[in-house]
Amino acid sequence: MTVETLDLAGEVCPYTFVRAKLRLEELPLGARLEVLVDHAAAADNVPRALRDEGQEIVSVAREAARWRIVVVKRADPSLRQG
Amino acid sequence: MSGAVALELGVLVADAGQLGRALDLCAHADDAQLFLMDDGVRAAHEPRLRAAIDDGLEATLCAMDAEARGVAPVDGGPRFGSQFDHAVMVRQARRVMAITGGRIDDNDVLAPPGPGRRVALRLTRPADDPKIAQALRSAVAYAACEMAVIVVVEPPARALLAHEDHPAPVLRALGTLRALGHRFCEVASTSTRVRCDLEVSW
């Protein structure tokens, strides 16, 4: 299984979930993506946004000053127009 | 992506002074959501808002804007959310009201709830007005929720597209929207309409 890490430390809303979705776009279905965020609100909002998208949220774990969100790609996001 | 569940009314408030008007609108709907952002978050602790939440109103605010203005969470107050909540509200509501501190938009949205809705983001202020950056930030969230954004630049905001000497948040939002293929449209008059499903004016 493909496992990728996306470090979003220092990133702000809405770019946290935009970047997570863009990264997922590039991955095959079934791929595992670990998203790192360092803002408490993002640890709540990013999983909600990805779940809404149809992705599987495996876990959200706090690690010192950041959170690790583990996602499995279950749907193809389509952010680009045209 | 969840697109089937419709919401009767979604109200965006970016001006705390208009909270009463927004709450009056919500009181007349069976199923309403309120989203506070920008200076609208200053209304978070208003007793009228807490009373409406007690009566069942779903109210959320932009946690980032609240943090920037020193507005802390309070028991019984609005939920601290994100622009994602704002965008989902706009994506799902059959009626969308936008009260951002200038022109008020009241949209009966004929397009079905879900991705693909076309949102015209009308910029009515000078390009260096801080609300322009907020408007563009919210447009990025609309794009992330797979709506089609048309940034409509009215005459007062014309400088937005005339040069690149803008604050970093504005440049980033412009770059993101362009990279994702969203449209920009400069209009000669505030009355010029573009083809869309709903308008949000800032």
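The shown structure was predicted, so the numbers you read here are calculated from the model rather than taken from an experiment. (Residues numbered from 1 in each chain as written. Chains lettered and ligands numbered in written order. Predicted model: local features only at pLDDT ≥ 70, side-chain atom pairs only at ≥ 80, totals over all residues.)

What should I look at first to understand the overall build of chain B in this one?
A tally of helices and strands in chain B yields seven helices and ten strands. Computed over C-alpha atoms, the radius of gyration of chain B comes to 16 Å, within 12% of the 17 Å expected from 2.2 N^0.38 for 202 residues, which places it in the range of a compact globule. Its C-alpha atoms give chain B principal-axis dimensions of roughly 45 × 35 × 30 Å. Relative to its full complement of 202 residues, chain B shows a buried share of 51%. Contacts in chain B between residues far apart in sequence, at least 24 positions, make up 74% of those at least 6 positions apart. (Helix = DSSP H or I, 4+ residues; strand = E, 2+ residues; numbered from the N terminus. Rg over C-alpha atoms; globule rule 2.2 N^0.38 Å. Buried ≥ 20, exposed ≤ 12 C-beta atoms within 10 Å, placed from the backbone. Contact = placed C-beta atoms within 7 Å.)

What am I meant to see in the interface of chain B and chain A here?
Interface extent is often summarised as the accessible area lost during association of the parts. Facing the 21 residues of chain B at the interface are 18 residues of chain A. Contributions of two or more residues to the side of chain B that touches chain A are made by α3 (63-68), β4 (79-81), α4 (83-92) and α5 (130-144) of chain B. Class assignment of the residues belonging to the side of chain B that touches chain A gives a composition of twelve nonpolar, seven polar and two charged. (Nonpolar A, V, L, I, M, F, W, Y, C, P; charged D, E, K, R; others polar.)

Sorry if this is basic, but what is going on with the sheet that holds strand β1 (residues 3-7) of chain A here?
Two pairing modes exist for strands in a sheet, parallel and antiparallel, and in both the strands are linked by backbone hydrogen bonds. All names here are of chain A. An order of β1-β2-β4-β3 is seen for the four strands of this open sheet, with the pairing classed as mixed. The open sheet is flanked by β1 and β3 (56-63), the only strands paired with a single partner. Strand-to-strand, the axes of this sheet are offset by a mean angle of 20°, without reference to chain direction. Relative to strand β4 (residues 66-72), β3 is paired through seven bridges, and the arrangement is antiparallel. The residue of β4 that forms the bridge with valine 60 is isoleucine 69. The strands touched by helix α2 (residues 40-52) within the sheet are β2 (32-37), β3 and β4, with β3 carrying the most contacts at an inclination of about 170°. (Pairing = 2+ DSSP bridges. Axes fitted to C-alpha atoms, helices over the stretch in contact; angles between N-to-C directions.)

What exactly am I supposed to notice about the pairing of strand β7 (residues 118-123) of chain B here?
Put simply, side chains in a regular strand alternate between the two faces of the sheet. All names here are of chain B. With five of six residues buried, β7 lies mostly within the body of the structure. Here six bridges tie β7 to strand β8 (residues 148-153), and the two strands are oriented parallel to one another. In the strand pairing of β8, alanine 120 is matched with isoleucine 150. Crossover connection from β7 via α5 to parallel β8: handedness right-handed. Here β7 runs beside strand β10 (residues 198-201); their pairing, made up of four bridges, is parallel. Residue pairing across strands places alanine 120 opposite glutamate 199, the latter belonging to β10. (Right-handed = clockwise from strand over helix to strand, strands pointing away.)

What should I look at first to understand α4 of chain B in this one?
One turn of the α-helix equals 3.6 residues, which is why residues spaced by three or four share an orientation. Counted residue by residue, α4 of chain B has ten buried out of ten residues, so it is predominantly covered. Within α4 of chain B the residues assigned to the buried category are Gln83, Phe84, Asp85, His86, Ala87, Val88, Met89, Val90, Arg91 and Gln92 of chain B.

Help me understand the sheet that holds strand β2 (residues 32-36) of chain B, please; the structure alone is not making it clear to me.
Residue and element names in this part refer to chain B. Strand order in this open sheet of six strands is β4-β3-β2-β1-β5-β6, and the pairing throughout is mixed. A single partner strand is all that each edge strand has here, and the edge strands are β4 and β6 (104-108). When the angles between neighbouring strand axes are averaged without regard to direction, this sheet yields 20°. Both strand β3 (residues 58-62) and β4 contribute to a ladder of three bridges, which runs parallel. The residue bridging threonine 60 from the neighbouring strand is arginine 79, located in β4. Contacts from α4 reach β1 (7-13), β2, β3, β4 and β5 (93-99) within the one sheet, and its direction differs from that of β1 by about 135°.

It is not clear to me how the pairing of β2 of chain B should be interpreted in this structure. Could you clarify?
Residue and element names in this part refer to chain B. Burial within β2 is extensive, with five of its five residues counted as buried. Here β2 shows two buried faces, one formed by Ala32, Leu34 and Leu36 and the other by Gln33 and Phe35. Of the pairings in the sheet, the one linking β1 to β2 comprises five bridges and is parallel in character. Across the sheet, residue valine 11 finds its bridge partner in β2, namely leucine 34. Running through helix α1 (residues 19-27), the crossover from β1 to the neighbouring parallel element β2 is right-handed. Sheet analysis places β2 next to β3, joined by four bridges and oriented parallel. The residue bridging phenylalanine 35 from the neighbouring strand is threonine 60, located in β3. Viewed along the sheet, the connection from β2 through helix α2 (residues 47-54) into β3 turns out right-handed.

Got a minute to help me understand unusual backbone geometry in this structure?
Across the chain, the bulk of peptide bonds are trans and the bulk of non-glycine residues have phi less than zero. The amide bond that connects cysteine 13 of chain A to the next residue, proline 14 of chain A, takes the cis arrangement and shows omega of 5°. Tracing the backbone shows proline 14 of chain A in the loop between β1 and α1 (15-26). One non-glycine residue, alanine 64 of chain A, adopts positive backbone phi at about 55°. Tracing the backbone through its elements, the reader meets alanine 64 of chain A in the loop between β3 and β4. Even without being a glycine, aspartate 38 of chain B presents a positive backbone phi close to 50°. Tracing the sequence through the fold places aspartate 38 of chain B in the loop between β2 and α2.

Don't take any of this as a statement about function, it's just geometry.
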